[in-house]
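Chain residues, written in single-letter form:
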Amino acid sequence: MSCPAQAARGGAGRAGGADGAGGVHCTDLSSLPDMAVRLSLSVRLSLSVLLSLSVRLSLSVRLSLSVRLRVGRWRRLSVAAVTLTFVAGPASNPPAELKLTPDDVRLIALQAQGLLGAQARAGGVAAMLRRLGAVQLDTISVLARSHELVAYARLGPLERAKVERSYWHPRTAGAFEYWSHAACILPIEEWPYYSFRRRAFLARGMRWHRSHADVCAEVLARLRSDGPLTATQLGGAKNGGAWWDWSDTKIAVEWLLDTGEVICARRVGWRRVYDLPERVLPAELLRADPSDEQCLVHLAQVAARALGVVTKADLSDYQRVKYQAADRGGTATAADDIALAAGLIPVDIDGGTGPAVRGWADPGAMASLSADSQHDAKASPSADSQHDAMASPSADSQADATASPSADSQHGAIASLSAPGTARGPMATPRPGGRGRHRVTLLSPFDSLIWDRKRTLRVFGFQHSLEAYVPRERRVHGYFTMPLLAGGRLVGRVDPARDGRTLVARQLTLDVPRAAEPMARALVEAATWVGCDNVTLGQVSPARLEPRLRSALNAAGALSPKAGVRNLA
């Protein structure tokens, strides 16, 4: 007798990971003579309703089947429980509840990313990591490594050793390293929700290299007996050839990291320190084993919280999740269904001259905007929100303002927004109020605000690319180009370097004249943070703005009264 349940599951085990139910065992009963069968069926129903302005009805049925067979004497045939889920309600593409402009999306993103308002700095690095959900790691170190630059951009010039300690606490792990958008630092509580990826690695059987079971066993034995170790301490990371020519030990320990049998919760001298999960994780995290769907729903919530408003492409890119991949039953997991299950609010983003783009908003971000709008409707903009001017009120900056959507953009406010409560779509949209100070800072190319180049162009109208791996003669803006964020917009870029105690702005571009003053401020602050006492200008584009930038640098303090600002050109 064939077993339909087994056939449907395709013999896949937990490693394939969709619902995590145990296997269903079937027995051929036709060959058993003179038997009596007693069947008991218990059904447990759970009903959940998700209400925002749409209704989603989820009905979960858990079947527990017990069969007793009589063949001479009673025997029990155990059948594992099976969970079935039925979803009723709107289609996977429900109507939008709100309509947002691109400026709305930009402001919401800045607030979600902790780049607007003083309250975003509360809780330091640990709170910032939880807000973002992931901080990308990279080997390139120009001013500092990228994960340090991400904290600096939001929290200001914290002591770098303190930043490192916040990420990699030597005693109690608050974070771990794993594959998210890329190699990332992740909050320790996110460990269970990457089990879908660990199961996928196991199902595939390898990543870049094929590991050997005996070497994996040796690595685990060493970690059990000797405690946390680096690849070098385990026996060496390389075979002596190119950087990708890993030793068998390195291949094994990285495979164990991929599949969750080891964990990296600390780095020392930029080297991963490998340990056993049971020595690092709290018991509740170690025991947790969410299904693939639960993982995807949770990660959608994390991405939406970090970006404020997301499209399908954003949901997929933030943690590099393929939402349209076929599951074990042969059906697709649609991003719309995941977003709805995550409790995100469907919105339409004004496409300007083109059609509106469907997106999803984080409920927390929308609630915050609604509160801000109500506050701004009753009070004039605070002095704090006006403080972060992009330029002094010179004739030049005023002329630039006439080409901008509004003069408010000089004060760090978001332009082209209607009054609070203006109707934009099916219902009134909370209007962003622009309260709080906009951060003026240089951004790492690997910062989560801009790591998706297509989204950066869509949200900020800013074309950006990392040219570190482009041949020198083909680079347009430089090796490690850092965009300038000021007044809630990306208004310039610089390719920095360090030469002793001098910060060298090798190649610098200002998109508008009024960007000179915030660029000077950002260069001075960054130089001070990394221990430089001098700023040097290389090539400035457009060249006519170099005197204005030089004047702004000197007005900003020039870091050292003796050194001032030099020009190597």
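Structure: above.
Residues numbered from 1 in each chain as written. Predicted model: local features only at pLDDT ≥ 70, side-chain atom pairs only at ≥ 80, totals over all residues. Heavy atoms only, no water.

S.K.: Explanation requested: the overall build of the protein in the structure shown.
M.R.: Counting its secondary structure elements, the protein contains 20 helices and 19 strands. When each of the 569 residues of the protein is scored for burial, the buried share is 49%. Surface accessibility of the protein: about 26200 Å² in total, with carbon and sulfur atoms responsible for 54%. (Helix = DSSP H or I, 4+ residues; strand = E, 2+ residues; numbered from the N terminus. Buried < 20%, exposed > 50% of the residue type's maximum accessible area, 1.4 Å probe, protein only. Areas by Shrake-Rupley, 256 points an atom, 1.4 Å probe, with all protein chains shown as cover.)

S.K.: Explanation requested: helix α6 (residues 195–204) in the structure shown.
M.R.: An α-helical turn contains 3.6 residues, so a residue and the one three or four places further along point in the same direction. Those residues of α6 lying buried are Ser-195, Phe-196, Arg-197, Arg-198, Arg-199 and Phe-201. Phi turns positive one or two residues past the end of α6, at Gly-205, with a value near 90 degrees.

S.K.: What should I look at first to understand the pattern of salt bridges in this one?
M.R.: Pairing between side chains of opposite charge can happen when their charged atoms approach one another. What the rule picks out here adds up to 23 salt bridges. Arg-154 is the salt-bridge partner of Asp-447, the closest N and O atoms lying 2.7 Å from each other. Linking Asp-447 in the loop between β14 (441–442) and α18 (453–460) with Arg-154 in helix α4 (residues 146–155), this pair joins segments that are 293 residues apart in sequence. A single burial state applies to Asp-447 and to Arg-154, both of which are buried. Between Glu-177 and Arg-272 there is a salt bridge, with its nearest N and O atoms 2.6 Å apart. In this pair, Glu-177 sits in strand β7 (residues 175–179) while Arg-272 sits in strand β10 (residues 271–275), placing the two residues 95 residues apart along the sequence. Judged on exposure class, the residue Glu-177 and its partner Arg-272 are both buried. Each of Glu-177, Lys-250, Glu-254, Arg-267 and Arg-272 takes part in a single network of salt bridges with overlapping partners. (Salt bridge = Lys/Arg side-chain N within 4 Å of Asp/Glu carboxyl O.)

S.K.: For this particular structure, what's the right way to read the side chain of Thr-481?
M.R.: Tracing the backbone through its elements, the reader meets Thr-481 in the loop between α18 and β15 (482–486). Polar side-chain contacts of Thr-481 include one of 3.3 Å to the backbone oxygen of His-477. At a separation of 3.4 Å, a polar atom in the side chain of Thr-481 contacts the main-chain carbonyl oxygen of Gly-478. Those residues within four positions of Thr-481 in sequence are excluded, and the remaining contacts are Pro-445, His-464, Glu-467, Arg-493, Val-494 and Asp-495. (Polar contact = N/O pair within 3.5 Å; in protein donor to acceptor, adjacent residues only side chain to side chain. Contact = heavy atoms within 4.5 Å.)

S.K.: What am I meant to see in unusual backbone geometry here?
M.R.: For the peptide bond that leads from Ser-541 to Pro-542, omega is -5 degrees, which places it in the cis range. Within the secondary structure layout, Pro-542 lies in the loop between β18 (534–541) and α20 (546–555). The backbone of Trp-270 sits at a positive phi, close to 65 degrees, despite the residue not being glycine. Within the secondary structure, Trp-270 sits in the loop between β9 (263–268) and β10.

Just distances and angles here, no functional claims.
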